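Here's the letter readout for the chains.
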Amino acid sequence: MTLAMSVAEREAFLAGTYVGILSVADEAGRAPLALPVWYAYEPGGEITFITGRDSRKMALIRAAGRVSLVVQEAALPYRYASVEGPVVGFEDPARPEDRRALAERYLGVEGGAEYLEATKDVAGKMVLTRVRPERWYTRDYTKQSG
C-alpha cells in the first residue's frame, strides 16, 4: 500500500481551499523564504496567487523563477501535497476579477467584499503570479489501515 496520492487525488486535493505555504529561494547563506498565501488551482492547470509588486517575496520570485507550495489538511488523518514548478507568467497589476475570486474563495462573498474594500489602496500594486506544477510529493494517511 502506498500513502502517496494518485494524480487525480493530488490534483483534487490541491484544488481544495487551504492556505498554502509558498517557498522561494533567498540570497546565498539564507534559508528559503516561506510564507502563507491564498492560491487558486484547477486540476491540470496552473497555480495562481497574488502578492505585492514591491514585496521581498515578489523580488525573490522574479529572481528565482521557481517556487514550491505546500498545502496540508492538519486534521487527522493528516494529508498534504507539496508541488514545485517554474513561474510561467505575471499579470501586473492583477485583474480586479482575479482579486475578487481569490478573496471570495477564502472569505466568502461578504468577507471578500470587505477585504477588497480594505485593500483598495494597494490594488494597483498587486501582481498575479502563475506557476506550472512540475514535481509533486504527497502523503495521504487516510489510506492507512488500522
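Quick caveat: nothing in here was measured; it's all calculated off a predicted structure.

J.: Can you explain the overall build of the chain? Please cite residues and give values.
T.: Counting its secondary structure elements, the chain contains three helices and eight strands. With the C-alpha coordinates aligned to their principal axes, the bounding extent of the chain is approximately 55 × 40 × 25 Å. Classification of the 146 residues of the chain by burial places 38% in the buried group. At a minimum sequence separation of 6, the contacts of the chain that also span at least 24 residues come to 72%. Accessible surface, the chain: about 8000 Å² in total, of which carbon and sulfur atoms supply 54%. Distance between charge centroids for the chain: 4 Å, based on 19 positive and 20 negative side chains.

J.: Any chance you could break down the packing of aromatic side chains for me, citing the residues and the numbers?
T.: Given two aromatic rings, their pairing is described by the distance between the two centres and the angle made by the two planes. The tally for this structure, following the rule as stated, stands at seven aromatic pairs. Centre to centre, the rings of Y78 and Y80 are 5.5 Å apart; their planes meet at 50°, and the pair counts as tilted. On the basis of relative accessible area, Y80 is assigned to the buried category, the value being 17%. Arranged with centres 6.2 Å apart and planes meeting at 40°, the rings of Y80 and Y137 form a pair that is tilted. In this pair, Y80 is assigned in strand β6 (residues 79-91) and Y137 in strand β8 (residues 135-140), connecting sequence segments 57 residues apart. We classify Y137 as partly exposed; its relative accessible area is 45%. Cluster of aromatic residues (ring-pair linked, three or more members): Y78, Y80, Y137 and Y141. For the cation-ring pair, R62 lies above F90, with the distance from its terminal atom to the ring centre recorded as 4.2 Å. Seen from the ring of Y39, R105 lies directly overhead, with NZ or CZ sitting 5.3 Å from the centre.

Conventions we followed
- Residues numbered from 1 in each chain as written.
- Predicted model: local features only at pLDDT ≥ 70, side-chain atom pairs only at ≥ 80, totals over all residues.
- Heavy atoms only, no water.
- Helix = DSSP H or I, 4+ residues; strand = E, 2+ residues; numbered from the N terminus.
- Buried < 20%, exposed > 50% of the residue type's maximum accessible area, 1.4 Å probe, protein only.
- Contact = heavy atoms within 4.5 Å.
- Areas by Shrake-Rupley, 256 points an atom, 1.4 Å probe, with all protein chains shown as cover.
- Lys, Arg positive; Asp, Glu negative; His and termini not counted.
- Charge placed at Lys NZ, Arg CZ, Asp CG, Glu CD.
- Phe/Tyr/Trp six-rings, centres within 6.5 Å; stacked < 30°, edge-to-face > 60°.
- Lys NZ or Arg CZ within 6 Å of the ring centre and 35° of its normal.

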